There are 2 protein chains.
Amino acid sequence: MKRNVKVVIWGFGAMGSGMAKMLLKKKGVDIVGVCARGEKIGKSMYELLGVERGDRPEVIINPNIEEILTSTRPDVCLCATDSYTKEAFPRLKTVLENKVNVISTAEEMSYPQAQDPELAAELDEIAKRNGVSILGTGINPGLMMDLLVLCLTGCMMDVEHIEAKRVNSLSPFGPFVMQEQGVGTTVQEFEEGVKSGKLAGHVGFAESVRMIADGLGWKIDKFEQQMKPIVTEVDRKSPYGFAKAGDVAGVNMTGQGWVDGEVKIDMIHPQQIEPEMVGTQTGDYITIKGTPAIHMANNPEVDGGIGTIAMCVNMIPHIINADPGLKTMIDLPVPRAIMGDFRGQIKNRE
Amino acid sequence: MKRNVKVVIWGFGAMGSGMAKMLLKKKGVDIVGVCARGEKIGKSMYELLGVERGDRPEVIINPNIEEILTSTRPDVCLCATDSYTKEAFPRLKTVLENKVNVISTAEEMSYPQAQDPELAAELDEIAKRNGVSILGTGINPGLMMDLLVLCLTGCMMDVEHIEAKRVNSLSPFGPFVMQEQGVGTTVQEFEEGVKSGKLAGHVGFAESVRMIADGLGWKIDKFEQQMKPIVTEVDRKSPYGFAKAGDVAGVNMTGQGWVDGEVKIDMIHPQQIEPEMVGTQTGDYITIKGTPAIHMANNPEVDGGIGTIAMCVNMIPHIINADPGLKTMIDLPVPRAIMGDFRGQIKNRE
């Protein structure tokens, strides 16, 4: 590929703008358009990011995705707009029908076969008809609690049980995440938020469990998940969060995948502000029973925001290189950081 | 794919026979032929393995690979015969020219581009001409010090320096490995063995370093490796090895990949008998400086023999599914254990 890879970003919150900043430091790739709403419209991407434009062409935030895609003809569109497949679907369809490859940050899109098999089949069909491919990814789901688990089973003759545990700090996150995870609520408010669906907790266990099971060739009979408050015994304060003793400092999400009548996949994901205050060591942990056993730890955990931004950007060459259709992380080569020219990672192109 | 996957195994030492034992426990896959030499010729594979044949057809060890391949028409041939690309080349060529996919355990074949670019190009050309694909893999090179490193960089925006360290015990290994690694020799004998090339040490750093660099898009200016004796201060005894105090208990292999005038990739791989006697904790360790940093540990290390056998068997579906040509671990989807029917992992086949 001689010309630079062309990228459009749809959605310009923490994820979209983070991807833009990362891409601006890379070689052989240009951001040719940004689609966003509200008061960002009409502003310069460079100004919004606080990054020097230099001799790069201006990129003005435009709310009209069709206009952006038809005028710039990008190689890929990074969609950082949703968490759920159903919500993301019409947007993803629009991009695919413009014959543009897609990488989505929507957690459910990391394995849409899990909860929305009809929409997954439809996306696959639309992508194939338009000769492009689509992938959902991120740090979790996408790597730490699913793809990395599978990668480690690659050296195993036999797998008996999998435990994937991600213990992370919510302290770096802003007010929206505090609210969504119930930080600072009373236990009663938390329980009401779970019932009403107001508290999101972690989205992605159903997808991670199904990705692992399909990767190994296990059939999931039953999937369950639980969302419990992490009640603090001491006052905890983070830049955007505060939980007084007796209130909620975060969420403990757990999930189980049942195979042949027993739990074969255990997912454990407590997220809270200031975990160090109560002696909790954050990290990513993968424990696999089988031949041989695996006891992996990564301390501290990979930051969720940075990790998701990096995963989406780093998968750009793989989704451009892929055969048409809906892809998941288990269909494509392993993700890796791109330290050289993006064009060097693109196959068979002009 | 309706019929079972058909596998031929070439080489029936510890690796080849281990793959056979593993395959016999799996669903949807048959061993249809075994090629080996010497006193194994004419014997039953099942008798050699000490495994009940049941109602499976007999497999008699045959020294003639052409005869095996033409009579059985397998989907893949597992070649467990060599460590070096140059030695393996004529054998691999024979299999490819019979239009059979290949997985090789030869360490250098994990990335033959590193030291034998002409042979790598020739293998690629032969494979493409015959419509099949070829892969070299194993635990190391193949996963712990290269592919897993790359997989972890997938969540990184920027990589500054990589250290891959594998601290393993040689105690489970037999007399051949003791001899090859210099266990029990005096320091002087060890140094002479290194000079004469009699001591092999670890084969694969050149391949792992190049795989990592190509994966990230780094250009390696210089590659170096060192092989030093691990001198024991106490007498150490393993089932097949003995090193008295002052003699050699194993080998410390180190290697460096230089990029832009500095060491960016450090490989550290001490192998010895009875490391616990001197307080050495075995394990696989990956430390990556960058954004974010990675500090991964897997304790104890994945057993080298089991890991290599599993990697080769687990990659069977991926190499059958691959486009024709020479493939490496960074071209194919992540390896994973196969707990279901092998046929469920094969795409687009009758």
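Residues numbered from 1 in each chain as written. Chains lettered and ligands numbered in written order. Predicted model: local features only at pLDDT ≥ 70, side-chain atom pairs only at ≥ 80, totals over all residues. Heavy atoms only, no water.

A few points about a nonpolar patch on the surface
A surface patch of nonpolar side chains, amounting to about 220 Å² of accessible area, comprises Val234, Met277 and Val278 of chain A. Its place among the elements puts Val278 of chain A in the loop between strand S11 (262-272) and strand S12 (283-291). (Patch = residues over 30% accessible without salt bridge, like charges linked within 9 Å, V, L, I, M, F, W, Y side chains within 5 Å. Areas by Shrake-Rupley, 256 points an atom, 1.4 Å probe, with all protein chains shown as cover. Salt bridge = Lys/Arg side-chain N within 4 Å of Asp/Glu carboxyl O. Helix = DSSP H or I, 4+ residues; strand = E, 2+ residues; numbered from the N terminus.)

Remarks on the UniProt feature "domain: 2,4-diaminopentanoate dehydrogenase C-terminal" (unreviewed entry) in chain A
Those places that UniProt annotates as "domain: 2,4-diaminopentanoate dehydrogenase C-terminal" (unreviewed entry) correspond, in this numbering, to residues 144-347 of chain A. Helix makes up 25% of residues 144-347 of chain A and strand 33%, and the two end C-alpha atoms of the span are 27 Å apart. (UniProt positions renumbered as here; feature names shortened; annotations may be inferred.)

A look at the packing of helix H1 (residues 14-24) of chain A against helix H10 (residues 304-314) of chain A
All names here are of chain A. At their nearest, the axes of H1 and H10 sit 9 Å apart, and the two run at 60° to each other. In terms of their interaxial angle, H1 and H10 are classed as oblique. Relative to H10, the crossing made by H1 is right-handed. Here Ala14, Met15, Gly18, Met19, Met22 and Leu23 of H1 lie close against H10, whose contacting residues are Gly305, Thr308, Ile309, Ala310, Cys312, Val313 and Asn314. Of the residues belonging to the contact of H1 with H10, the class tally is nine nonpolar, four polar and no charged. (Axes fitted to C-alpha atoms, helices over the stretch in contact; angles between N-to-C directions. Parallel < 35°, antiparallel > 145°, perpendicular 65-115°, else oblique. Left-handed = near helix turned anticlockwise from the far one by under 90°. Contact = heavy atoms within 4.5 Å. Nonpolar A, V, L, I, M, F, W, Y, C, P; charged D, E, K, R; others polar.)

Examining the side chain of Ser133 of chain A
Topologically, Ser133 of chain A is positioned in strand S5 (residues 133-136). If we ignore the near neighbours within four places in the chain, the residues touching Ser133 of chain A are Leu96, Asn101, Val102, Ala127, Ile319, Ala322, Asp323, Pro324, Gly325 and Lys327 of chain A.

Things to note about the pattern of salt bridges
What the rule picks out here adds up to 24 salt bridges over all chains. The partner of Arg91 of chain A in a salt bridge is Asp82 of chain A, and the shortest N-O contact between them spans 2.7 Å. On the accessibility criterion, Asp82 of chain A (11% relative accessible area) is buried. For Asp124 of chain B, the salt bridge goes to Lys128 of chain B, with nearest N and O atoms at 2.9 Å. (Buried < 20%, exposed > 50% of the residue type's maximum accessible area, 1.4 Å probe, protein only.)

Brief notes about the domain arrangement of chain A
Residues and elements named next belong to chain A. One can read the domain layout of chain A as domain 1 (5-138 + 306-345) and domain 2 (147-301). Here domain 1 and domain 2 have C-alpha centroids that lie 27 Å from each other. With twelve residues of domain 1 at the interface, the matching set in domain 2 holds ten residues. Taken over both partners, the interface formed by domain 1 and domain 2 buries close to 1,000 Å², and the fraction arising from carbon and sulfur atoms is 72%. Counting the contacts that link domain 1 with domain 2 gives zero salt bridges. On inspection of domain 1 and its partner domain 2, the count reaches three residue pairs in polar contact (both at pLDDT 80 or more). (Domains from an automatic or database assignment. Buried area = accessible area lost by both parts, 1.4 Å probe. Polar contact = N/O pair within 3.5 Å; in protein donor to acceptor, adjacent residues only side chain to side chain.)

Considerations on the relation of the copies chain A and chain B
Mapping chain A onto chain B is achieved by rotating through 180° and translating by 0.0 Å along the same axis, at an RMSD of 0.0 Å. Here the symmetry operator amounts to a two-fold rotation axis. Minimal C-alpha distance to the rotation axis in chain A is attained by Pro333 of chain A, lying at 2.1 Å. Of all interface residues in chain A, 100% are interface residues in chain B too; the two copies therefore contact each other through one and the same surface. (Least-squares fit on C-alpha atoms with pLDDT ≥ 70 in both.)

Thoughts on the sheet that holds strand S3 (residues 76-79) of chain A
Residue and element names in this part refer to chain A. Pairing is parallel across the open sheet formed by six strands, whose spatial order is S2-S1-S3-S4-S5-S14. In this open sheet, the two edge strands, each paired with only one partner strand, are strand S2 (29-35) and strand S14 (325-327). Going from strand to strand, the sheet's axes swing by 20° on average, the running direction of each strand aside. By the bridge criterion, three bridges tie strand S4 (residues 101-104) to S5 in an arrangement that is parallel. Of the residues in S5, the one forming a bridge with Val102 is Ile134. Across the sheet, helix H3 (residues 65-72) is in contact with strand S1 (5-10), S2 and S3; its angle to S1 comes to roughly 175°. In the packing of helix H5 (residues 117-129) onto the sheet, the strands contacted are S5 and S14, and the crossing angle to S14 comes to about 125°. (Pairing = 2+ DSSP bridges.)

What to know about the nonpolar core
If you look at the biggest cluster of nonpolar residues, it comprises 160 residues, and the most contacted ones within it are Met45 and Ile316 of chain A together with Met45 and Ile316 of chain B. Setting aside chain neighbours within four positions, we find Ile316 of chain B in contact with Val5, Val7, Leu23, Val76, Leu78, Ile103 and Phe342 of chain B. (Core = buried A, V, L, I, M, F, W, Y, C linked by side-chain atoms within 4.5 Å.)

Brief notes about the interface of chain A and chain B
If you look at the interface, chain A gives 50 residues, while chain B gives 50 residues. For the chain A and chain B pair, buried surface summed over both sides reaches about 4,000 Å², with 63% attributable to carbon and sulfur atoms. Along the contact surface separating chain A from chain B lie two salt bridges. Lys347 of chain B is the salt-bridge partner of Asp331 of chain A, the closest N and O atoms lying 4.0 Å from each other. Counting across the chain A and chain B interface gives 21 residue pairs in polar contact (both at pLDDT 80 or more). Split by residue class, the side of chain A that touches chain B holds 32 nonpolar, twelve polar and six charged.

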